[in-house]
Amino acid sequence: MGLVLVTREGCGLCEKAERALWTLGVPYVRRDVDREPELAPYTFRVPVLLLEETGGVLLEGAFGEKELLEVMKIILGGEA
């Protein structure tokens, strides 16, 4: 399961989301919405956590450890 965190420099919500991923030890790839034109649909939605395989949005906007744990449980079938 690959995760992508779409962020932008200077985004406080993005920093909070990234801290939650670090704290929980969840591996992810960070991509900057302002540097990659294909991420333009997420310009006003960052941070956005995507499932890499499908491109499906798992979380967006303000989220932290609690929301991340809930999503991980769903993805892993209640094993998180």
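Residues numbered from 1 in each chain as written. Predicted model: local features only at pLDDT ≥ 70, side-chain atom pairs only at ≥ 80, totals over all residues. Heavy atoms only, no water.

(A) Examining the overall build of the chain more closely. The helix and strand inventory of the chain stands at two helices and four strands. Over its C-alpha atoms the chain spans a radius of gyration of 12 Å, differing by no more than 12% from the 12 Å that the globule rule assigns to 80 residues. A principal-axis box enclosing the C-alpha atoms of the chain has dimensions of 35 × 25 × 15 Å. Counting all 80 residues of the chain, 38% fall into the buried class. Taking the intrachain contacts of the chain between residues at least 6 apart in sequence as the baseline, contacts between residues at least 24 apart amount to 56%. As displayed, the chain has an accessible area near 4,700 Å², and 54% of this comes from carbon and sulfur atoms. Side-chain charges of the chain comprise 9 positive and 14 negative groups, with the mean position of each set lying 4 Å from the other. (Helix = DSSP H or I, 4+ residues; strand = E, 2+ residues; numbered from the N terminus. Rg over C-alpha atoms; globule rule 2.2 N^0.38 Å. Buried < 20%, exposed > 50% of the residue type's maximum accessible area, 1.4 Å probe, protein only. Contact = heavy atoms within 4.5 Å. Areas by Shrake-Rupley, 256 points an atom, 1.4 Å probe, with all protein chains shown as cover. Lys, Arg positive; Asp, Glu negative; His and termini not counted. Charge placed at Lys NZ, Arg CZ, Asp CG, Glu CD.)

(B) Representation of the packing of helix α1 (residues 12-24) against helix α2 (residues 65-75). With their axes 9 Å apart at the nearest point, α1 and α2 run at an angle of 60 degrees to one another. When the interaxial angle is binned, α1 and α2 end up oblique. Viewed along their axes, α1 and α2 form a crossing whose handedness is right-handed. Together, Ala20, Leu21, Thr23 and Leu24 of α1 and Glu65, Leu68 and Leu69 of α2 make up the contact between the two elements. (Axes fitted to C-alpha atoms, helices over the stretch in contact; angles between N-to-C directions. Parallel < 35°, antiparallel > 145°, perpendicular 65-115°, else oblique. Left-handed = near helix turned anticlockwise from the far one by under 90°.)

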